[in-house]
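Structural overview for review
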Amino acid sequence: MSSRPTKQDLRNMITDAGLENVLLFDIDGDLIESSDFEYDGNYAAMSGMIATMCKEIIMDLEYGEMDKITIHADHGLVVVNKFSKDYYLASFSKDGSKLGLIMKTMDSIINK
C-alpha cells in the first residue's frame with residue numbers, strides 16, 4: 001500500500017469518479033483529510049463507528065479481513081474502503097450507478 005492520500009488525491013477522486021465528497025479517517029473516526037465539506041468531522045466519526053462495527057462482525061463470523069463497505073440508499077451511495085491497517089477512505093455519491101467507477105478510483109489511489 002502506498003503512502004496516505006493527499007488532499008490533491010481526494011480532489012482527483014472527486015473529479016475522476018464524479019463524487020460529492022471524499023474523506024480519509026482512522027479506525028477511531030478521527031478525520032485525517034477531506035475534500036473540505038461541511039461536517040466532515042462528523043461524517044468521519046460516523047464512518048469510523050460503522051467501520052469498527054463491520055470489522056467486528058467480520059471477525060466474529062471468521063470471514064477474514066474487512067476490505068470495503070457499501071451503503072446504498074434511495075438517493076445515494078457511501079463507499080468505505082480500507083486503506084491500510086489504520087486508515088479508511090470514504091466516498092459519497094448521489095449516483096449509485098457509479099459504484100464500479102468509485103471502487104476503481106479508490107483502488108487506484110490506494111495502490112498508487
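These figures come from a predicted structure and were not determined experimentally.

**A word on the environment of Leu 31**
- For Leu 31, the location among the structural elements is in strand E2 (residues 31-34).
- For Leu 31, a relative accessible area of 34% gives the class partly exposed.
- Sequence separation between Leu 31 and Ser 47 is 16 residues; the distance between their C-alpha atoms is 9.9 Å.
- Non-local contacts of Leu 31, meaning those with residues more than four positions away in its chain, are made with Leu 23, Leu 24, Phe 25, Asp 40, Gly 41 and Ala 44.

**Re the packing of aromatic side chains**
- Applying the stated criterion across every chain, the model contains four aromatic pairs.
- A ring pair is formed by Phe 37 and Tyr 43, whose centres lie 5.6 Å apart and whose planes are at 35°; its orientation type is tilted.
- Taking the relative accessible area as the measure of exposure, Phe 37 reaches 12% and is therefore buried.
- Given the relative accessible area of 34%, Tyr 43 is considered partly exposed.
- Each residue in the set Phe 37, Tyr 43 and Phe 92 is aromatic and connected to the rest through ring pairs, giving one cluster.
- Residue placement shows Arg 4 over the ring face of Tyr 87; its charged tip is 5.6 Å from the ring centre.

Parameters at a glance
- Residues numbered from 1 in each chain as written.
- Predicted model: local features only at pLDDT ≥ 70, side-chain atom pairs only at ≥ 80, totals over all residues.
- Heavy atoms only, no water.
- Helix = DSSP H or I, 4+ residues; strand = E, 2+ residues; numbered from the N terminus.
- Buried < 20%, exposed > 50% of the residue type's maximum accessible area, 1.4 Å probe, protein only.
- Contact = heavy atoms within 4.5 Å.
- Phe/Tyr/Trp six-rings, centres within 6.5 Å; stacked < 30°, edge-to-face > 60°.
- Lys NZ or Arg CZ within 6 Å of the ring centre and 35° of its normal.

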